[in-house]
Amino acid sequence: MDQTTIGEYIFKQLMIQDQLPGKQDFVLKPLSTISEKSPRMTVKIEKTDGNAEHHHQTKGPEILFVFSGKMVVKTAGKEFPIGGGNFIFFDEETKYTLLPLHWGDVLVRINMDSSFELKDFLENIYNTRSSVSGMINKINHAYRKDHYAVFNAPKVDNSSYVIDRVLIEYVEPGLLYCDKISHLLAILVLVLLENDCYVDPGAVNLQSKYQISDFTDYITKNFQNITLTSMARFFGYNPSYLSTELKQTTGYSYKELVENERMKQAVELLKNPAYTINDVVNYVGYTSKSFFYKKFKAHYEMSPAKMREQLSER
């Protein structure tokens, strides 16, 4: 199993379980049995019913990892969003609430025994890496006070690769399963510290891991055959969330952004007399010439032919 197939396995299990009534989550079942009498880690996937809040209280330490999408967490009197690639480390006996999850929101909850305590990982690093002692003291202080720590890591970061390896070891456990998991989690903490992913609880209103330019660049490269669903899948969001995110970050709706890019590209093509109007229509992604004319005139208050005439005079 690799990074691609672990994702497919999780999505497949989620699709099956979402159709079944009952609990708010389900245990991700390993494909083979673990040699130890009792596993030291249990992986649960939150179900996406889209309606009710999910209330949890940890027993042992717990890691929340946003595999895809974006969601809102409430804990210790705070409410904040987390997106794809983000982590929350919870202390034992800690209450938290998840606002309703929707299609495309995939949250992995890793329940662990006390041997996987964040404080112990940080202490080990503190004793060997004085260069990050200030950051570790800051995290430890906040963790003791609020019983959680948030790390805002991009989905394409090394931390996501490491957690994917953790999930693969869990689904396909080998003889040294526990030792490998322990070392991988230690690496995960190191990577999060190295990349300065920790978010201070005083400013825990996480920013999107993507900039406006990421959205607009994607549209520029894919405007011909783009769909809201394909774009949402690329960024790890559900379509309705992405639509809201685009409006809030750019001031334009998804349809307006795509149409603006198509109109801009159409004008560039009209500068070249070698391209016919039909060539322009097909290139920018419209299937109807009359619809293209309608959109173009609404956008520029003139026909494509008139625009070409004006461009040739410059």
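Residues numbered from 1 in each chain as written. Predicted model: local features only at pLDDT ≥ 70, side-chain atom pairs only at ≥ 80, totals over all residues. Heavy atoms only, no water.

A. Spotlight on the sheet that holds strand 3 (residues 54–57). Overall, antiparallel pairing links the four strands, which are arranged 3-8-5-6 in an open sheet. The open sheet has two free edges, formed respectively by strand 3 and strand 6 (78–83), since each of these has just one partner strand. On average, each strand axis in the sheet is inclined to that of its neighbour by 25 degrees, with strand direction left out of account. Looking at chain direction, strand 5 (residues 70–75) and strand 6 are connected through six bridges and run antiparallel. By the bridge assignment, Val 72 is partnered in strand 6 with Pro 81. (Pairing = 2+ DSSP bridges. Helix = DSSP H or I, 4+ residues; strand = E, 2+ residues; numbered from the N terminus. Axes fitted to C-alpha atoms, helices over the stretch in contact; angles between N-to-C directions.)

B. Region of interest: the sheet that holds strand 7 (residues 87–90). In space, the seven strands of this open sheet follow the order 1-2-9-4-7-10-11, with antiparallel pairing throughout. At either end of the open sheet lies a strand with only one pairing partner, and these are strand 1 (25–27) and strand 11 (198–199). As judged from the two bridges shared by strand 10 (residues 148–151) and strand 11, these two strands associate in the antiparallel manner. The residue bridging Phe 151 from the neighbouring strand is Tyr 198, located in strand 11.

C. Representation of the environment of Asp 200. Relative to the assigned elements, Asp 200 resides in the loop between strand 11 and helix 6 (212–222). When the C-alpha atoms of Asp 200 and Ala 149 are compared, they prove to be 8.2 Å apart, with 51 residues separating the residues in sequence. For Asp 200, the side chain forms a polar contact with the side chain of Lys 138, separated by 3.3 Å. (Polar contact = N/O pair within 3.5 Å; in protein donor to acceptor, adjacent residues only side chain to side chain.)

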